[in-house]
Amino acid sequence: MLKQQSHIVAPIPDELRTRALYTVGELRERGKADKEAIDKLFNLIVDMTEEGLDFFFLEPLRRLHASNMMMSMAKMGISSMLKGSKMVVHKVLKKLDDRSLAAILDFIEEIIHEPEQG
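The sections below set out a description of the structure shown in this document. (Residues numbered from 1 in each chain as written. Predicted model: local features only at pLDDT ≥ 70, side-chain atom pairs only at ≥ 80, totals over all residues. Heavy atoms only, no water.)

**Section: the packing of aromatic side chains**
Scanning the model with the defined rule gives 1 aromatic pair in all. Ring geometry for Phe 55 versus Phe 56: centroids 5.3 Å apart, planes at 75 degrees, classification edge-to-face. Accessibility expressed as a relative area gives 23% for Phe 55, which makes it partly exposed. When its relative accessible area of 35% is taken as the criterion, Phe 56 is described as partly exposed. (Phe/Tyr/Trp six-rings, centres within 6.5 Å; stacked < 30°, edge-to-face > 60°. Buried < 20%, exposed > 50% of the residue type's maximum accessible area, 1.4 Å probe, protein only.)

As structure tokens, this is what we get:
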């Protein structure tokens, strides 16, 4: 679905891509939205969110050689954003059922891509 739309891209470390795909496969195989699945999914979503926030908000500042004070202010704002996001994600995931778990796993698979070759 995303390939048919304009979209933005954020790089992630290979370790996170590997862990994301492994986690999706593991949770899909289990098929249960139990506490263990919710905890793994929560941690994965938080890590992916942190990477995205860093890339979209801090990377432009790094490329502009922003001052330490500007970077500190940006990091403080992002930290507040992340705290709010964690609360919302945790609240939503606590109510997750098996069908909704599958839908989230589909979404994660859809947004994770290997680097293009060449």
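**Details of the packing of helix α1 (residues 14-30) against helix α4 (residues 98-111)**
Packed helices, taken two at a time, are described by the angle between their axes plus the distance between the axes. Between α1 and α4, the shortest axis-to-axis distance is 10 Å and the interhelical angle comes to 155 degrees. As judged from the angle between their axes, α1 and α4 are roughly antiparallel. Every pair of crossing elements has a handedness; the one defined by α1 and α4 is left-handed. Residues Val 24, Leu 27 and Arg 28 of α1 pack against Leu 101, Ala 102, Leu 105, Asp 106, Ile 108 and Glu 109 of α4. Residues that form the contact of α1 with α4 fall into these classes: 6 nonpolar, no polar and 3 charged. (Axes fitted to C-alpha atoms, helices over the stretch in contact; angles between N-to-C directions. Helix = DSSP H or I, 4+ residues; strand = E, 2+ residues; numbered from the N terminus. Parallel < 35°, antiparallel > 145°, perpendicular 65-115°, else oblique. Left-handed = near helix turned anticlockwise from the far one by under 90°. Contact = heavy atoms within 4.5 Å. Nonpolar A, V, L, I, M, F, W, Y, C, P; charged D, E, K, R; others polar.)

**Side note on the environment of Met 70**
Looking at where Met 70 falls in the secondary structure, it is placed in helix α3 (residues 68-94). Measuring from C-alpha to C-alpha, the distance between Met 70 and Leu 96 comes to 39 Å, with 26 residues separating the pair along the chain.

**Side note on the nonpolar core**
Core analysis: the biggest nonpolar cluster contains 19 residues, and Leu 41, Leu 93, Leu 96 and Ile 108 have the highest contact counts within it. Once residues lying within four places of it in the same chain are set aside, the contact partners of Ile 108 are Val 24, Leu 41, Leu 44 and Met 48. (Core = buried A, V, L, I, M, F, W, Y, C linked by side-chain atoms within 4.5 Å.)

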